Amino acid sequence: RLSRKIGIQRGELEQCAGREGLRVAGDLLSANMYQMEKGLEAVDLPNFYEEGSPLLHIQLDPALTPSQNAQKYYQAYKKACTAEKILTEQIAKGREELTYLDSVLDALSRAETENDLEQLRAELAEQGYLRLLRRKGKPPKSLPPMEFTASDGTRILVGRNNRQNDQLTLKTANKNDIWLHTQNIPGSHVILETGGREPSQQVLEEAAQLAAYHSKARDSAQVPVDYCAVRYVKKPAGAKPGMVIFTNQHTLYVKPEQR
């Protein structure tokens, strides 16, 4: 539904692209009112905004005066400008929501236990997408992040879902650790613990391979993975679980691999 809604909004936004023609029509009518009278259905006026002032055919409402016709075009222009601003904001918001839902779908595709599913249900309920049924007993505790070891013994942590991604990146990880995530592709947050040391290129690539494997692109041959120090990863106010922004990143292209 959200994808269809965004598609409709993009179509409406394209219609706003011709708004300048409405303003031009209003200006030409205003500048040539003395040549017109009420009752005209259309008029051809020289367009002084274009070289050579070619004639522009302008439709009119015969029930309106020339001044009222000009105001009608100005009002339509202002309405189109307002619609463009609102639609641009709504489309951006819709794309953010679609990105979030895609990340939940990716986590669902990689869920292995009932506990994993319960955590996703809880996240979706928290965001207002689901209503949780009352269950007897205490809810299952969330599992810790997945843990892997690089070839040199360095620990690599991988988030299981969006809420755990936030916890891992924003609270657990050290500011000098390395954060990795597939570029513009839903997937887990991956933390390469550095202990304050500069990781080798091989270890970085191993962590990137894990990030690619625990993402929507796990079946691809070559996957771009962005990485940067954790201190450059921030969460915008009001952003949904797992959604972050980052700077000072570099990119590795790797083959997904589960170590």
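Per chain, residues are indexed from 1 in the order of the written sequence. Local features in a predicted model are, by the rule used here, given only for residues with pLDDT of at least 70; side-chain atom pairs are given and counted only at 80 or more, and totals for whole chains, interfaces and linings are based on all residues. Calculated side-chain values reflect all of the structure's heavy atoms, with hydrogen atoms and water omitted.

Student: Summarise the pairing of strand β3 (residues 146–149); cite the residues concerned and give the values.
Tutor: Only protein chains enter the accessibility calculation, which uses a 1.4 Å probe. A residue is then buried if its area is under 20% of the maximum for its type, exposed if over 50%, and partly exposed in between. Secondary structure elements are taken from DSSP: a helix is a run of H or I of four residues or more, a strand is a run of E of two residues or more, and numbering for both begins at the N terminus. Along β3, the buried face is formed by M146 and F148; none of E147 and T149, which line the opposite face, is buried. Strand pairing is assigned whenever DSSP identifies at least 2 bridges connecting the two strands. Sheet topology places β3 next to strand β4 (residues 155–158); four bridges connect them, and they run antiparallel. Counterpart to F148 in the pairing with β4 is I156.

Student: Report on the packing of helix α3 (residues 66–109) against helix α4 (residues 114–126), specifying residues and quantitative values.
Tutor: Helix axes are fitted to C-alpha atoms over the stretch in contact, other axes to C-alpha atoms as well, and angles between N-to-C directions run from 0 to 180 degrees. Where α3 meets α4, the closest approach of the two axes is 10 Å, and the angle between their N-to-C directions is 165 degrees. The angle between the axes of α3 and α4 places the two elements in the roughly antiparallel class. In the packing of α3 onto α4, the handedness of the crossing is left-handed. Counting all contacts with α3, which are made through Y100, V104, A107 and L108, the residues of α4 involved are L117, L120, E123 and L124. Within the contact of α3 with α4, the residues separate by chemical class into seven nonpolar, no polar and one charged. Angular relationships are summarised with four words: roughly parallel below 35 degrees, roughly antiparallel beyond 145, roughly perpendicular across 65 to 115, and oblique for the angles in between. Each crossing gets its handedness from the near helix: less than a right angle anticlockwise from the far helix is left-handed, clockwise is right-handed. Any two residues whose heavy atoms approach within 4.5 Å at even a single point are treated as in contact. Charged means Asp, Glu, Lys or Arg here, nonpolar means Ala, Val, Leu, Ile, Met, Phe, Trp, Tyr, Cys or Pro, and polar covers whatever is left, Gly included.

Student: Explain helix α6 (residues 201–213) to me, and be specific about the residues and the numbers.
Tutor: The span you would expect from a helix comes to 1.5 Å times its residue count less one. Between its first and last C-alpha atoms α6 spans 18 Å; for 13 residues at 1.5 Å apiece the expected length is 18 Å, and the two agree. Residues of α6 that are buried include every one of V203, L204, E206, A207, A208, Q209, L210, A211 and A212, and no others. Close packing links the buried residues of α6 with β3, β4, β5 (178–182), β6 (190–192), β7 (223–229) and β10 (250–254).

Student: Break down the nonpolar core for me, citing the residues and quoting the values.
Tutor: Ranked by size, the top nonpolar core spans 22 residues in total, and within it I156, L180, L192 and V225 carry the most contacts. Within the residue set of this core, elements represented by two or more residues are β3, β4, β5, β6, α6, β7 and β10. The dominant element in this core, judged by the number of residues it contributes, is α6, at seven residues. Leave out the neighbours within four places in its chain, and L192 touches T154, R155, I156, D177, I178, L180, P199, V203, L204 and A207. We define a nonpolar core as any set of buried Ala, Val, Leu, Ile, Met, Phe, Trp, Tyr and Cys residues linked to one another through side-chain atoms lying within 4.5 Å. Formed by 11 residues, the second largest nonpolar core is a distinct cluster that contains M36, V43, I58 and L60.

Student: Break down the side chain of D226 for me, with residues and values.
Tutor: Residue placement: D226 occurs in strand β7. Charge counting follows a simple rule: Lys and Arg are positive, Asp and Glu are negative, and His as well as the terminal groups are ignored. Take a side-chain nitrogen of Lys or Arg and a carboxyl oxygen of Asp or Glu: if they are within 4 Å of each other, that pair is a salt bridge. Here D226 occupies a buried position and makes no salt bridge, while the nearest side chain of opposite charge, R95, is found at 14 Å. Any pair of nitrogen or oxygen atoms within 3.5 Å is treated as a polar contact; in protein, a donor-acceptor pairing is required on top of that, and neighbouring residues in sequence qualify only through side-chain atoms on both sides. In this structure the side chain of D226 is engaged in a polar contact, spanning 3.0 Å, whose partner is the side chain of Q183. Discounting chain neighbours no more than four positions away, the residues touching D226 are W179, L180, H181, Q183, F246, Q249, H250 and T251.

Student: I'd like a rundown of the pattern of salt bridges, residues and numbers included.
Tutor: Considering all chains together, one arrives at 12 salt bridges under this definition. Close ionic contact of R23 with E20 constitutes a salt bridge, the shortest N to O distance being 2.9 Å. Here the residue R23 and the residue E20 both occupy positions in helix α2 (residues 19–31), the gap between them amounting to three residues, near one helical turn. Exposure remark for R23: the relative accessible area of 25% places this residue in the partly exposed category.

Student: Kindly report on the sheet that holds β10, identifying the contributing residues and their values.
Tutor: What the six strands build is an open sheet, ordered β3-β4-β6-β5-β7-β10; its pairing is antiparallel. The outermost strands of the open sheet, each flanked by one partner alone, are β3 and β10. Neighbouring strand axes in the sheet, compared pairwise and without regard to direction, differ in orientation by 25 degrees on average. Bridge count for β7 against β10 is five bridges, and the pairing is antiparallel. Note that in β10 the partner of P224 across the bridge is Y253. Sheet strands touched by α6: β3, β4, β5, β6, β7 and β10. Its angle to β10, the strand with the most contacts, is close to 70 degrees.

Student: Tell me about the environment of K255, and name the residues and values.
Tutor: Note on placement: K255 falls in the segment after β10. Look at K255 and you get exposed, because its relative accessible area is 57%. Distance in space between the C-alpha atoms of K255 and D219 is 8.9 Å, their sequence separation being 36 residues. Here K255 is in contact with Q209, A221 and Q222, once residues within four sequence places are set aside.

Coordinates in, geometry out; function isn't part of it.
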